[in-house]
Amino acid sequence: MLKDLNRNSIIDQYFAQDISNQNFQKALFNRVSAIGKKFTNVDFRFCIFENCYFRNCAFDSCLFEGSKFNNSSLAGSSFSGCKFDYSTFNKTFVDDDILLNSCPGFENLKLKFARTLRTNYQSLGINESANKAIKVELTATKTHLYKSWNSNESYYRKKYSGFNRVKAFFKWVSFKIQEFIWGNGESVSRLLRTVLILGILMVLYDVFKFRDTDQIDSYWSSLNQMPEIFFSIERPSHYSKSYLSLIYFIRLFIFSLFMAIIIKRFNKR
């Protein structure tokens, strides 16, 4: 039932010249290096790169589908027209430009590609690159979730049919809600916008419930009072305990979201 992959092992060697139109499919590269070399139309599909060092190399129209990069360095290397479908990166230094010009075309593959780079950068403590990968991952995830319930493409209609399509719709709705509230954990400005909207709703509730809706001063006075009420500095006696409890819960929820963004963005290894 099982067959040998006949994986070719290339160990403790280096590329002494530019390479083009070569097939290294399923090869195991261990402690292999290259500096300033150009690789053109080279097949690296299903290869494993262990402890490799490729610095300032240029990869043009190369295939890396299903390849694995472990404990390696691709610092300064560029990729043009290369395919990284199903590739994974683990503790590997690679410039984040790869996110701009080497993402897979399909959204489900793009989000997986961005996710493996995100975890890779996080494991190395490169937070700026990790944040870039998160943005690509979120964009691809949003498109993928939308297509999973709405697209007529054969892939989505075969994989997401019946009740799975309904589940996909609610996942998309949940994603959109979180995107609006706090940018799925990536946007302080959207969280501040949410606080502003909540403040406006509190003002409207206060005016329509306890003040004169025809007077401009009612809105202005309520607006000035809202920050104190929101932070529990002032607790009007005419407010019900349930409403004050709701404000308290919302305040804690907003604060927890804010702290999550801060920790995610500025936490250093």
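Our subject in this report is the structure included herewith. (Residues numbered from 1 in each chain as written. Predicted model: local features only at pLDDT ≥ 70, side-chain atom pairs only at ≥ 80, totals over all residues. Heavy atoms only, no water.)

Describing the overall build of the protein chain
The number of helices and strands found in the protein chain is 8 helices and 13 strands. Taking the principal axes of its C-alpha atoms as reference, the protein chain extends roughly 80 × 45 × 35 Å. Taken over 269 residues, the protein chain has a buried fraction of 39%. Contacts in the protein chain between residues at least 24 apart in sequence constitute 25% of all its contacts with a sequence separation of at least 6. For the protein chain, the exposed area adds up to about 16,000 Å²; of that, 57% sits on carbon and sulfur atoms. (Helix = DSSP H or I, 4+ residues; strand = E, 2+ residues; numbered from the N terminus. Buried < 20%, exposed > 50% of the residue type's maximum accessible area, 1.4 Å probe, protein only. Contact = heavy atoms within 4.5 Å. Areas by Shrake-Rupley, 256 points an atom, 1.4 Å probe, with all protein chains shown as cover.)

Remarks on the sheet that holds strand S3 (residues 28-30)
What links the strands of a sheet is backbone hydrogen bonding, and the strands pair in either a parallel or an antiparallel sense. Overall, parallel pairing links the 5 strands, which are arranged S1-S3-S6-S9-S12 in an open sheet. One side of each edge strand has no neighbouring strand; the edge strands of this open sheet are strand S1 (9-11) and strand S12 (88-90). For this sheet the average axis-to-axis angle between neighbouring strands, irrespective of direction, equals 10 degrees. Across 3 bridges, the pairing between strand S9 (residues 68-70) and S12 is parallel. Each residue of the ladder has a partner; that of Phe69, found in S12, is Phe89. (Pairing = 2+ DSSP bridges. Axes fitted to C-alpha atoms, helices over the stretch in contact; angles between N-to-C directions.)

Some details on helix H6 (residues 188-210)
With 23 residues, H6 ought to run about 33 Å at 1.5 Å a step, and its terminal C-alpha atoms sit 33 Å apart, in line with that. Along H6, the residues that are buried comprise Leu191, Thr194, Met202, Val203, Asp206 and Val207. (Expected span 1.5 Å × (residues − 1).)

Notes on the sheet that holds strand S11 (residues 78-80)
In space, the 4 strands of this open sheet follow the order S2-S5-S8-S11, with parallel pairing throughout. Each edge of the sheet is formed by a strand with only one pairing partner; in this case those strands are strand S2 (19-20) and S11.

Looking at the packing of aromatic side chains
Inspection of the entire model under this criterion finds 43 aromatic pairs. The interplanar angle of 5 degrees and the centroid separation of 4.8 Å between the aromatic rings of Phe69 and Phe89 together place this pair among those described as stacked. Of the two residues, Phe69 is situated in strand S9 and Phe89 in strand S12; the sequence distance between them amounts to 20 residues. Assigned by exposure class, Phe69 and Phe89 land together as buried. Relative to Phe170, the ring of Phe169 has its centre 5.5 Å away and its plane inclined at 75 degrees; by these criteria the two rings are edge-to-face. Against the face of Phe180 rests Arg193, its NZ or CZ located 4.2 Å from the ring centre. (Phe/Tyr/Trp six-rings, centres within 6.5 Å; stacked < 30°, edge-to-face > 60°. Lys NZ or Arg CZ within 6 Å of the ring centre and 35° of its normal.)

Points about the pattern of salt bridges
Where side chains of opposite charge bring their charged atoms close, a pairing between them can arise. Tallying each qualifying case throughout the model produces 11 salt bridges. Between Glu137 and Arg115 there is a salt bridge, with its nearest N and O atoms 3.0 Å apart. With Glu137 in helix H3 (residues 127-150) and Arg115 in helix H2 (residues 107-124), this residue pair connects regions lying 22 residues apart in the sequence. Relative accessible area serves as the criterion here: at 36%, Arg115 is assigned to the partly exposed category. Of the charged contacts, one joins Glu179 and Lys176 as a salt bridge, the two residues approaching to 3.3 Å between their closest N and O atoms. Taken together, the positions of Glu179 and Lys176, both in helix H5 (residues 163-182) and 3 residues apart, correspond to about one turn of that helix. (Salt bridge = Lys/Arg side-chain N within 4 Å of Asp/Glu carboxyl O.)

Things to note about unusual backbone geometry
Look at Asp12: it is not a glycine, yet its phi comes out positive at around 50 degrees. As for its placement among the helices and strands, Asp12 is situated in the loop between S1 and S2.

Observations concerning the side chain of Ser218
Following the sequence through the fold, Ser218 ends up in helix H7 (residues 216-230). For Ser218, a relative accessible area of 11% gives the class buried. Engagement of the side chain of Ser218 in a polar contact is seen with the backbone oxygen of Asp212, the distance being 2.9 Å. Apart from the residues within four sequence positions on either side, Ser218 is in contact with Val207, Arg211 and Asp212. (Polar contact = N/O pair within 3.5 Å; in protein donor to acceptor, adjacent residues only side chain to side chain.)

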